[in-house]
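# Report on the structure
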Amino acid sequence: MRHDEERPRTSGFLADGIVPGHWTQVLGSMRANPFTHLSPDEVRTEEVHQLIVAPSPEVAWACFGELLAAVEEGSLHESRVTITTPDDLNPSDVSAGTWVFLPHRQDGWTELEDASAKLRANLVKENSTREAGSKLVLMEYGINLWMWAEPPSSGGDPVCHAGELISWESAWALGAGGAADASSSGGSTSAADHDTPAASAHAADSVPTAPARPPIYFGLPPILRKRRWES
């Protein structure tokens with residue numbers, strides 16, 4: 001696993017970086033496993049609000065292209081997916097049951113790591129004051145993580161920090177299921193292939209080109225947690 005002192009540090013989005021090809025196989029394997037995969041239809045039946053915390057629409061499209069494309073295609077209701085920046089999110093304003101996607105706290109983007117760690121702490125504090133049925137579901141996603149994280153096939157985990165392991169045991173992927181193709185697994189699809197969704201709280205007329213990141217998330221939504229418990 002990668003410890004704090006071993007991870008690369010950057011000051012921004014590695015938009016020009018090429019995601020290593022082995023993540024195509026990792027993503028395909030996850031999508032073939034019912035315990036690590038959800039389809040857009042399954043997300044829709046949960047009828048939950050998806051809140052993506054990202055520094056820009058470019059980053060959101062690079063990391064959530066499939067989810068946002070499902071919004072545009074009508075598979076998910078626009079009102080169910082929102083993009084906001086870390087600075088604009090007030091934890092007390094987030095509706096009950098929302099799935100909150102935060103940038104990975106040890107992603108390598110130093111400034112964003114700090115912002116995400118503080119925001120997560122505030123969201124955890126907010127959750128502690130809510131009743132069980134009103135709590136938020138907190139998950140993380142990698143932005144620059146795929147440039148250096150160790151895949152599960154090597155026995156590695158993405159990162160270990162502050163005594164906490166961000167583990168593949170809590171990882172899952174969104175998609176249509178089965179093997180991943182090049183258009184959805186990273187490296188060849190650009191954010192410029194899509195229009196910015198109406199759901200975005202920070203929409204732009206155009207989204208800059210950026211290579212897609214493998215859409216793998218850490219932290220189980222209730223539907224997958226329940227599926228694993230009942231297996």
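Calculation criteria
Residues numbered from 1 in each chain as written. Predicted model: local features only at pLDDT ≥ 70, side-chain atom pairs only at ≥ 80, totals over all residues. Heavy atoms only, no water. pLDDT = per-residue confidence, 0-100. Contact = heavy atoms within 4.5 Å. Core = buried A, V, L, I, M, F, W, Y, C linked by side-chain atoms within 4.5 Å. Buried < 20%, exposed > 50% of the residue type's maximum accessible area, 1.4 Å probe, protein only. Helix = DSSP H or I, 4+ residues; strand = E, 2+ residues; numbered from the N terminus. Expected span 1.5 Å × (residues − 1). Arc of directions from axis to C-beta. 1 Å grid on protein atoms, 1.4 Å probe; cavity = no way out; pocket = protein on both sides within 12 Å on 5 of 7 lines; lining within 4 Å. Points joined across faces, edges and corners; volume = space filled by probe spheres on them. Nonpolar A, V, L, I, M, F, W, Y, C, P; charged D, E, K, R; others polar. Phe/Tyr/Trp six-rings, centres within 6.5 Å; stacked < 30°, edge-to-face > 60°.

## Thoughts on the confidence of the model for the protein
Confidence along the protein averages 78 in pLDDT terms, with 74% of residues attaining 70 or more. Below a pLDDT of 50 lies the segment residues 177–209, which in the model reaches 73 contacts outside its immediate sequence neighbourhood of four places, other chains included.

## Here's the deal with the nonpolar core
Counting residues in each nonpolar core, the largest one holds 32 residues, and the members touching the most others are I52, F64, W99, F101, Y141 and W172. Non-local contacts of Y141, meaning those with residues more than four positions away in its chain, are made with I52, V53, A54, V59, C63, F64, F101, L102, P103, H104, I216 and Y217. V19, L145, A173 and I216 belong to the second largest nonpolar core, which has 14 residues in total.

## Points about helix α4 (residues 110–128)
Over its 19 residues, α4 extends 27 Å from the first C-alpha to the last, a length consistent with the 27 Å expected when each residue adds 1.5 Å. Of all the residues in α4, the buried ones are L112, E113, S116, L119, R120, L123, E126 and N127. All buried residues of α4 project into a common sector of 145 degrees when viewed along the axis, lining one side. Among the exposed residues of α4, those pointing more than 90 degrees away from its buried face are E111, K118, K125 and S128.

## Thoughts on empty space enclosed by the protein
Under the definition given, this model contains one cavity of 30 Å³ or more. Considering the residues around the largest cavity, the lining is formed by V43, Q50, F64, L67, F101, W172, L174 and Y217. For the lining of the largest cavity, the elements supplying multiple residues, two or more each, are α3 (57–73) and β8 (171–174). Per-class residue counts for the lining of the largest cavity are seven nonpolar, one polar and no charged.

## Observations concerning the packing of aromatic side chains
Following the criterion strictly, the structure yields nine aromatic pairs and no others. Taking the centre distance of 5.1 Å and the plane angle of 10 degrees together, the rings of F64 and Y217 count as stacked. Placement of F64 in helix α3 and of Y217 in strand β9 (residues 216–218) is noted, with a sequence separation of 153 residues between them. The residues F64 and Y217 share a single accessibility class, namely buried.

## A word on the layout of surface pockets
Empty space among the atoms becomes visible once a probe the size of a water molecule is rolled across them. Space inside the second largest pocket adds up to approximately 150 Å³. Looking at the second largest pocket, the residues that line it are Q25, V26, S29, M30, N33, T36, P152, S153 and W168. A breakdown of the residues in the lining of the second largest pocket according to their chemical character gives four nonpolar, five polar and no charged.

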